[in-house]
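Below, each chain spelled out in residue letters.
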Amino acid sequence: GEDVEQSLFLSVREGDSSVINCTYTDSSSTYLYWYKQEPGAGLQLLTYIFSNMDMKQDQRLTVLLNKKDKHLSLRIADTQTGDSAIYFCAERPYAGGTSYGKLTFGQGTILTVHP
Amino acid sequence: GAVVSQHPSRVICKSGTSVKIECRSLDFQATTMFWYRQFPKQSLMLMATSNEGSKATYEQGVEKDKFLINHASLTLSTLTVTSAHPEDSSFYICSARDRFRTEAFFGQGTRLTVV
């Protein structure tokens, strides 16, 4: 089955860039997502990319995809203390079926931003 | 945007009782809803997928008689934890998607504590 792996912890200083990494194993066409979870809250969709894309940028967020290595990264520019949260990488197969939309999540990366 | 509302956000119940958690899509028709369980500092584990008007599809290892899922309308799915025990204490999160979008949107989550 699909597997998604992430680094567990990242600590950065306020104003620096954060890079959160993720690898996945699904070899079929797939959507790849980044979600943010603050303590005690649900998941907020930050951005997503289709597996035939190399890069997607949305304000402070840049997603880079290395299809050959199945490596995905999320870069947060000018990281702020409010960015401290758990970030989940997730993948979803493009193909349909009764489980259409089913996500496989990584373990989550705890981002801590120091003043 | 697409809003998913989950209720209640927190619930404490006695061991042996049943608890119902609601997941509503407020501004779109949720043809598919997903129920996840999250343990502290861990990733989300998919429990089941429900398509409107059909029986839920449970993941391996999830007891369908203990976690009853109903998806009777395009805007509401419910998860009932029957005969709850302390080991059922967890954070339960739903997500919903319609047939037109690639992404699923998450509810705020429900913190269940069984005492």
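About the thresholds
- Residues numbered from 1 in each chain as written.
- Chains lettered and ligands numbered in written order.
- Predicted model: local features only at pLDDT ≥ 70, side-chain atom pairs only at ≥ 80, totals over all residues.
- Heavy atoms only, no water.
- Helix = DSSP H or I, 4+ residues; strand = E, 2+ residues; numbered from the N terminus.
- Rg over C-alpha atoms; globule rule 2.2 N^0.38 Å.
- Buried < 20%, exposed > 50% of the residue type's maximum accessible area, 1.4 Å probe, protein only.
- Phe/Tyr/Trp six-rings, centres within 6.5 Å; stacked < 30°, edge-to-face > 60°.
- Lys NZ or Arg CZ within 6 Å of the ring centre and 35° of its normal.
- Pairing = 2+ DSSP bridges.
- Axes fitted to C-alpha atoms, helices over the stretch in contact; angles between N-to-C directions.
- Polar contact = N/O pair within 3.5 Å; in protein donor to acceptor, adjacent residues only side chain to side chain.
- Contact = heavy atoms within 4.5 Å.

Q: I'd like to hear about the overall build of chain A, residue by residue, with values.
A: In terms of regular secondary structure, chain A is built from 0 helices and 11 strands. In chain A, the succession of α and β elements from N to C terminus is β-β-β-β-β-β-β-β-β-β-β. Rg of the C-alpha trace for chain A: 14 Å, near the compact-globule value of 13 Å for 115 residues, within the 12% margin. Sorting the 115 residues of chain A into buried and exposed places 43% on the buried side.

Q: Run through the packing of aromatic side chains, naming residues and quoting values.
A: Summed over all chains, the structure comprises 13 aromatic pairs over all chains. Ring plane angle 90 degrees and centroid distance 5.5 Å describe the contact between A:F105 and B:Y36, whose orientation is recorded as edge-to-face. Taken together, the residues span two chains, with A:F105 in strand β10 (residues 104-105) and B:Y36 in strand β4 (residues 32-38). Given the relative accessible area of 9%, A:F105 is considered buried. Taking relative accessible area as the criterion, B:Y36 reaches 1% and is therefore assigned buried. An aromatic cluster is present here, built from A:Y31, A:Y33, A:Y35, A:Y48, A:F50, A:F88, A:F105, B:Y36 and B:F106 joined pairwise through their rings. One Lys or Arg, A:K56, reaches over the ring of A:Y48 and ends 4.3 Å from the middle of that ring.

Q: Account for the sheet that holds strand β8 (residues 76-81) of chain B, naming residues and giving values.
A: Backbone-to-backbone hydrogen bonds join strands into a sheet, with any given pair of strands oriented parallel or antiparallel. Residue and element names in this part refer to chain B. Spatial ordering of the open sheet is given by β1-β3-β8-β7, a layout of 4 strands whose pairing is antiparallel. The open sheet has two free edges, formed respectively by β1 (4-7) and β7 (67-73), since each of these has just one partner strand. Strand after strand, the sheet turns through a mean of 15 degrees between neighbouring axes, direction not considered. Here β1 pairs with strand β3 (residues 19-25) via 4 bridges, running antiparallel. In the sheet register, Q6 faces β3, and the bridge partner there is C23.

Q: Give me the lowdown on the side chain of A:T79, citing residues and values where you can.
A: All names here are of chain A. Considering the arrangement of structural elements, one finds T79 in the loop between β8 (71-76) and β9 (85-93). T79 sits in the buried class, given a relative accessible area of 0%. At a separation of 2.7 Å, a polar atom in the side chain of T79 contacts the side chain of S18. Among the polar contacts listed, one links the side chain of T79 to the backbone oxygen of I76, at a separation of 3.3 Å. Once residues within four sequence positions are removed from consideration, T79 is found in contact with V12, R13, E14, G15, D16, S17, S18, R60, L111 and V113.

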